[in-house]
Amino acid sequence: MLTLKTVILECPDVRRLLSFYQALLGWPIAFDEGEFVRIECPETGMGIAFQLEEDYEPPVWPTERGRQQMMAHLDFGVSDLAELRAMADRALSLGATAAPTQYSDEDWLTLLDPAGHPFCLVIWG
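Conventions and cut-offs
Numbering of residues starts from 1 in each chain and follows the order in which that chain's sequence is written. Reporting of local features is limited, given that this is a predicted model, to residues whose pLDDT is at least 70; pairs of side-chain atoms are given and counted only at 80 or more, and all residues count toward the totals for whole chains, interfaces and linings. Processing note: side-chain calculations cover all non-hydrogen atoms of the structure and skip hydrogens and water entirely. Helix and strand assignments come from DSSP, with helices taken as H or I runs of at least 4 residues and strands as E runs of at least 2, each series counted from the N terminus. Between the two quantities, the radius of gyration covers C-alpha atoms and the globule rule is 2.2 Å times the number of residues to the power 0.38. Only protein chains enter the area calculation, which uses a 1.4 Å probe; residues under 20% of their type maximum are buried, those over 50% are exposed, and those in between are partly exposed. For Phe, Tyr and Trp, where Trp contributes only its six-membered ring, two rings pair if their centres lie within 6.5 Å, and the inter-plane angle classes them as stacked under 30 degrees, edge-to-face over 60, or tilted in between. DSSP calls a pair of strands paired once it identifies at least 2 bridges connecting them. Between two residues, a contact is recorded if the distance between any of their heavy atoms is within 4.5 Å. For helices, the fitted line uses only the C-alpha atoms of the stretch in contact; every axis is such a line through C-alpha atoms, and the angle between N-to-C directions lies from 0 to 180 degrees. A patch is a set of surface residues, each over 30% in relative accessible area and not in a salt bridge, joined within 9 Å for like charges and within 5 Å for the nonpolar side chains Val, Leu, Ile, Met, Phe, Trp and Tyr. For the accessible areas, the method is Shrake-Rupley and the probe is 1.4 Å, while residue cover comes only from the protein chains on display. When a carboxyl oxygen of Asp or Glu is within 4 Å of a side-chain nitrogen of Lys or Arg, the pair counts as a salt bridge. For the charge count, each Lys or Arg is scored as positive and each Asp or Glu as negative, with His and the chain ends excluded. The atom standing in for a charge is NZ when the residue is Lys, CZ when it is Arg, CG when it is Asp and CD when it is Glu.

## Overview of the overall build of the chain
Step number 1: Broken down by element type, the chain carries two helices and eight strands.
Step number 2: The order of helices and strands in the chain, counted from the N terminus, is β-α-β-β-β-β-α-β-β-β.
Step number 3: Here the C-alpha atoms of the chain give a radius of gyration of 15 Å, agreeing with the 14 Å that 2.2 N^0.38 yields for 125 residues.
Step number 4: For the chain, the spread of C-alpha atoms along the principal axes amounts to about 40 × 40 × 35 Å.
Step number 5: Here the chain, with 125 residues, has 35% of them falling under the buried criterion.

## Digging into unusual backbone geometry
Step number 1: The omega angle of the peptide bond from Trp-61 to Pro-62 is -5 degrees, so this bond is cis rather than trans.
Step number 2: Along the polypeptide, Pro-62 turns up in the loop between strand 4 (47–52) and strand 5 (74–78).

## Quick word on the packing of aromatic side chains
Step number 1: On inspection of all chains with the given rule, the structure shows eight aromatic pairs.
Step number 2: Taking the centre distance of 6.1 Å and the plane angle of 65 degrees together, the rings of Phe-31 and Phe-36 count as edge-to-face.
Step number 3: Given the relative accessible area of 38%, Phe-31 is considered partly exposed.
Step number 4: Joined through ring pairs, the aromatic side chains of Phe-20, Tyr-21, Phe-50, Phe-76 and Phe-119 make up one cluster.

## Topic: the sheet that holds strand 7 (residues 108–112)
Step number 1: Overall, mixed pairing links the four strands, which are arranged 5-8-7-6 in an open sheet. The sheet terminates laterally at strand 5 and strand 6 (97–98), the two strands that pair on one side only.
Step number 2: Packed on one face of the sheet, helix 2 (residues 81–93) meets strand 5, strand 6, strand 7 and strand 8 (118–123) and runs near 155 degrees to strand 8.

## Observations concerning the pairing of strand 7
Step number 1: In terms of strand pairing, strand 6 meets strand 7 through two bridges, oriented antiparallel. Bridge pairing links Thr-97 to Leu-112 in strand 7.
Step number 2: Where strand 7 folds back onto strand 8 in an antiparallel hairpin, the turn is made up of five residues, including Gly-116, whose phi is positive at roughly 95 degrees.

## Some points on a negative patch on the surface
Step number 1: Among the surface-exposed residues, Glu-33, Glu-35, Glu-54, Asp-55 and Glu-57 lie close enough to one another that they form a single negatively charged patch.
Step number 2: You can see Glu-54 is positioned in the loop between strand 4 and strand 5.
Step number 3: Note on Glu-54: relative accessible area 68%, which makes it exposed.

Note that all results are geometric; they support no functional claim without further evidence.
So, in structure tokens, the structure goes:
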């Protein structure tokens, strides 16, 4: 059986992005090789890794022709509107920014992490 274990985000500052996601999610470091660090959800084993890319260009959200496009984005589930707002406030206090364009009503919020990767907070019943 094939299982997805890790999503890897390239970035110009591994420690900054590690610090952001570790503080946001509370996941411990599972692997640290300096320029490649992986955190892992203790309950599921799913991980996010951060890999140094000195020539990293943050994607433009939403996509614009001729500009750096995102390859993927992360969706994090929350249980209700109160949790969505609390997690958004937490993410913003840790260095995320709200995406200038939002495509949904109150049950979906798009943010940008400190390296510019889009991620969404979604009420996922």
